[in-house]
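# Structure at a glance
Here is what each chain is made of, one letter per residue.
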Amino acid sequence: MAKYVIVGASAAGIGAVEAIREIDTAGTITVISDEACPQYSRPMISDYVSGKADFNKMKCRDDEFWKQLKAEAITGKKATALNLTEKTVTLESGEKVPYEKLLLATGGKPFVPKMEGQEKDGVFTFTTITDAQRIAAKIDAIKAKSAVVIGAGLIGLSVTEALTKRGLKVTMVELQDKILSLLLDPQASEMVEGAVKAAGVNIVTGQSVQKIIGKHDNDAAVGGVILTKGDTVQCDLVIVAIGVIPRTELVAGAAIKINRGIIVDNTMQTNVPDVYASGDVAEAYDFVLGQNRLLPLWPLAMQEGHVAGHNMAGQKSTYEGGTNMSSLKYFGIPIVSIGLANPKDDPTVEVLVKSDFERKVYKKLVLRNNVIVGMTMVNCIERAGVIFYLLKNGINIKKFKDQLLVDSFCLATLPASLQKKMNVVQ
Amino acid sequence: MKKIVAKQEACMGCGLCEVHCTVAHSKTKDIIKAYNSERPKPISRVTREIQKPVSFAIQCRHCEDAPCVVACLTGAMTKDPKTGEVKHNKDKCMGCWTCIMVCPYGAIKMDKENKVIAKCDLCQGLKEPACVANCPNQALEFKEVRS
Ligand SMILES: Cc1cc2nc3c(=O)[nH]c(=O)nc-3n(C[C@H](O)[C@H](O)[C@H](O)COP(=O)(O)OP(=O)(O)OC[C@H]3O[C@@H](n4cnc5c(N)ncnc54)[C@H](O)[C@@H]3O)c2cc1C
Ligand code: SF4
Ligand code: SF4
């Protein structure tokens, strides 16, 4: 009997195994993943499509990782059922794996709305290495020249860049008025939009795809899309990158409470004792909003996995929380966006902005009672971590407010007492 | 572990630490070439933090619970369990800048030409880190500290 069973072996699963082994070097661990080699960097699949990275580079842990941490890895097999009374996980082969402590780290799956023609050959999602391999193979096989990417969020932007680098003409279709609308305000979004367009990408906003149509000579293969307003865009591929939703099918019908994701407490335990959840599948604490919610981000999945692992191994640990925090590199524009970066009609916040369109530099801070609660930095991110420290620790910035956005802002700007606390000098 | 420690009162803000760091991380190890012709441009991993009259040099603190290691999207950033050094493997790095977002010290630099990050590696192989060895005012020390 395995003491610890972990379903899903990506960021959250890896984090949990590492944390368990910090405390319990003997207890048996079994990880289960339906991916053949799960320990790869999911965000790097765009570099795979563009040709910048091969699968070897993408591995975020060694091939020997599971063995080194004495974890049995059951890969390429799906877990299909849970029995919470018997304390077992059933695999698709019918085999049952008993557990004492269970972690659900099943992540997310792409959200694909119903669209006419979505079954056509050449329609893809973009979340796994398998997706990336299929897309790359398809491009080669049909010598694809153009693509429509549905969704202009982080994942949409990443696949758009990859396809553009491979020489395809890409049209991004976004329902909102602006690209990256969950991360950026309209001003920052326009700055990025300029760079994306300059790379030859066609951007359509305020519309969606109502229908995917076939090619003239082969209706089963993607030939184009029809937009909400009726225009047709011809293309060889369609990539649906609208977003990810928690992959909760394993717990459906079980006694584990789900809202949009699995509900957990600050030890990452679900309402069922000995059953934990972490990563994209869980609703964990957002310290800016002061509530639990879905935050599908790699660093948070890793952290939540750590917390779950420690608690599973008997060392009490509480999750300090995360927030919406993204760093983007696409189209040569570095962006950091954290927390309440784009508050709408909120009378309780104060907004500081500094923009320089010529240099394509944009900095914005959102404050509440002199504490930073949100930030955006475009094209000047090297000090973003210092600001994030102030945000995360709820530091009152009143005394140096006017210094935060000047170009010379640095650690030396901070009050001596804070420098001391941070241990920057002797 | 042994870390680089800044003595604020001794720092003149002259920037020689940056110069010597750049040269130590260049291919040619030649100051003129490192600054004028070498491509990709070598990058200093130490920065002068200046807010007059205060100045001091900062580089990676090799944090105990390093936020960059937890956040790294690719496993390029790791903590050596034996030495405590936070190591960066540029062959694994995808230049996503996630570590920059979470480093409280702003100690990670963008190597835009190579599309990876650059940070202090404590000058592995040298007797003493180049910034420490070359500070004219001994404003940097390399010494054993608690964490
Ligand atoms: C293209 C792309 C770009 C991204 N870029 C960024 C970025 O820049 N920054 C960032 O922070 N985040 C980014 N993300 C998000 C990040 O990848 C996720 O937040 C992270 O992977 C979540 O980790 P996880 O362990 O919770 O789940 P996942 O990585 O989704 O892993 C879950 C694993 O469990 C397996 N699994 C699920 N159910 C079962 C089952 N029943 N049986 C067996 N195995 C199962 C899955 O196959 C998968 O391997 C990106 C994601 C994508 C797709
Ligand atoms: S890069 Fe920054 S966060 Fe990482 S160990 Fe160094 S100082 Fe700490
Ligand atoms: S830039 Fe490189 S080292 Fe930093 S988080 Fe991304 S992959 Fe890791």
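Residues numbered from 1 in each chain as written. Chains lettered and ligands numbered in written order. Predicted model: local features only at pLDDT ≥ 70, side-chain atom pairs only at ≥ 80, totals over all residues. Heavy atoms only, no water.

## Some details on the overall build of chain B
Here is the rule: Strands are runs of DSSP state E lasting at least 2 residues, helices are runs of H or I lasting at least 4, and numbering of each runs from the N terminus. Only C-alpha atoms enter the radius of gyration, while the globule expectation follows 2.2 Å times N to the 0.38, with N the number of residues. Exposure classes here rest on a 1.4 Å probe applied to the protein chains alone. A residue is buried below 20% of its type maximum, exposed above 50%, and partly exposed in between. Whether two residues touch is decided by their heavy atoms; if any such pair falls within 4.5 Å, the residues are in contact. Residue burial considers only the protein chains on display, and all accessible areas are found by Shrake-Rupley using a 1.4 Å probe. A positive count includes Lys and Arg, and a negative count includes Asp and Glu. His and the chain ends are not counted in either. In plain terms, the charge of a residue is placed at NZ if it is Lys, CZ if Arg, CG if Asp and CD if Glu.
Secondary structure assignment for chain B yields five helices and eight strands. Counted from the first residue to the last, chain B has its helices and strands arranged as β-α-α-β-β-α-β-β-α-β-β-α-β. The globule rule puts the C-alpha radius of gyration for 147 residues at 15 Å, and the 15 Å found for chain B is close to it. Each of the three principal axes of chain B carries a C-alpha extent, and together these read 40 × 40 × 30 Å. With 147 residues in all, chain B has 56% of them scored as buried. In chain B, the proportion of contacts linking residues at least 24 apart, taken out of those at least 6 apart, comes to 56%. As displayed, chain B offers around 7,000 Å² of accessible surface, 53% of which is attributable to carbon and sulfur atoms. Taking the 24 positively charged and 16 negatively charged side chains of chain B as two groups, their mean positions are separated by 2 Å.

## Digging into the domain arrangement of chain A
All names here are of chain A. Basically, it comes down to this: An automatic or database domain assignment is the source of the domain bounds shown. What gets called buried area is simply the loss in accessible area from a 1.4 Å probe that two parts show on being joined, summed for both. A pairing counts as a salt bridge when a side-chain nitrogen of Lys or Arg comes within 4 Å of a carboxyl oxygen of Asp or Glu.
Partitioning chain A into structural domains gives domain 1 (3-109 + 245-312), domain 2 (123-242) and domain 3 (332-421). Computed from C-alpha coordinates alone, the two centres of domain 2 and domain 3 are separated by 33 Å. Between domain 2 and domain 3, the contact holds twelve residues from the first and 16 residues from the second. Roughly 1,100 Å² is buried in total at the junction of domain 2 and domain 3, and carbon and sulfur atoms are behind 68% of that figure. Per-residue buried area on domain 2 facing domain 3 is highest for Asp185, Gln187 and Met191; these three make up 52% of the total on that side. Run the count over domain 2 and domain 3 and you get one salt bridge.

## What about the side chain of Glu49(B)?
Applied cut-off: The term polar contact refers here to a pair of N or O atoms within 3.5 Å; inside protein, the definition further demands a hydrogen-donor-capable atom paired with an acceptor-capable atom, and it admits residues adjacent in sequence only when both atoms are side-chain atoms.
Looking at the secondary structure, you find Glu49(B) in strand E2 (residues 47-51). Glu49(B) sits in the buried class, given a relative accessible area of 1%. A polar contact of 2.7 Å, which involves the side chain of Glu49(B), links it to the backbone nitrogen of Leu411(A). Residues within four places of Glu49(B) in sequence aside, it is in contact with Arg383(A), Cys410(A), Leu411(A), Ala412(A), Val54(B), Ser55(B), Phe56(B) and Ile58(B).

## What about the sheet that holds strand E12 (residues 209-214) of chain A?
Residue and element names in this part refer to chain A. For the record, the criterion: In this scheme, strands are said to pair when DSSP sees at least two bridges between them. The convention used is that axes are lines fitted to C-alpha atoms, helices contributing only their stretch in contact, and that angles between N-to-C directions extend from 0 to 180 degrees.
One open sheet accounts for three strands, arranged E12-E13-E14; its pairing is antiparallel. Both edges of this open sheet fall to E12 and strand E14 (232-234), since each of them pairs with a single strand only. Looking at each pair of strands side by side, their axes are set apart by 25° on average, direction ignored. As defined by bridge partners, strand E13 (residues 222-227) adjoins E14 across three bridges and the pair is classed as antiparallel. Looking at E14, one finds that Gly224 is bridged to Gln234.

## Some words on the interface of chain B and chain A
How big an interface is tends to be reported as the loss of accessible area on association of its parts. Each partner contributes to the interface: chain B provides 39 residues, whereas chain A provides 43 residues. Counting the contacts that link chain B with chain A gives one salt bridge. Of the charged contacts in the structure, one is a salt bridge between Glu49(B) and Arg383(A), with a shortest N-O distance of 2.6 Å. Counting across the chain B and chain A interface gives 17 residue pairs in polar contact (both at pLDDT 80 or more). Put simply, the parts of the chain that give the side of chain B that touches chain A at least two residues each are strand E1 (2-6), E2, strand E3 (54-58), helix H3 (67-71), helix H4 (98-102) and strand E6 (109-111) of chain B. With five residues, E2(B) is the single largest residue contributor to the side of chain B that touches chain A.

## Structural notes on the pattern of salt bridges
Within this structure, the stated rule accounts for 33 salt bridges over all chains. In this structure, the salt-bridge partner of Glu161(A) is Lys165(A), at a minimum N-O distance of 3.7 Å. Residue Glu161(A) and its partner Lys165(A) are both found in helix H6 (residues 154-165); the two are separated by four residues, about one turn of the helix. Exposure remark for Lys165(A): the relative accessible area of 45% places this residue in the partly exposed category. Between Arg48(B) and Glu18(B) there is a salt bridge whose closest N-O contact spans 3.3 Å. Here Arg48(B) is found in strand E2, whereas its partner Glu18(B) is found in helix H1 (residues 16-24), with 30 residues between them in sequence. One salt-bridge network, held together by shared partners, links Lys354(A), Asp356(A), Arg359(A), Lys363(A) and Asp407(A).

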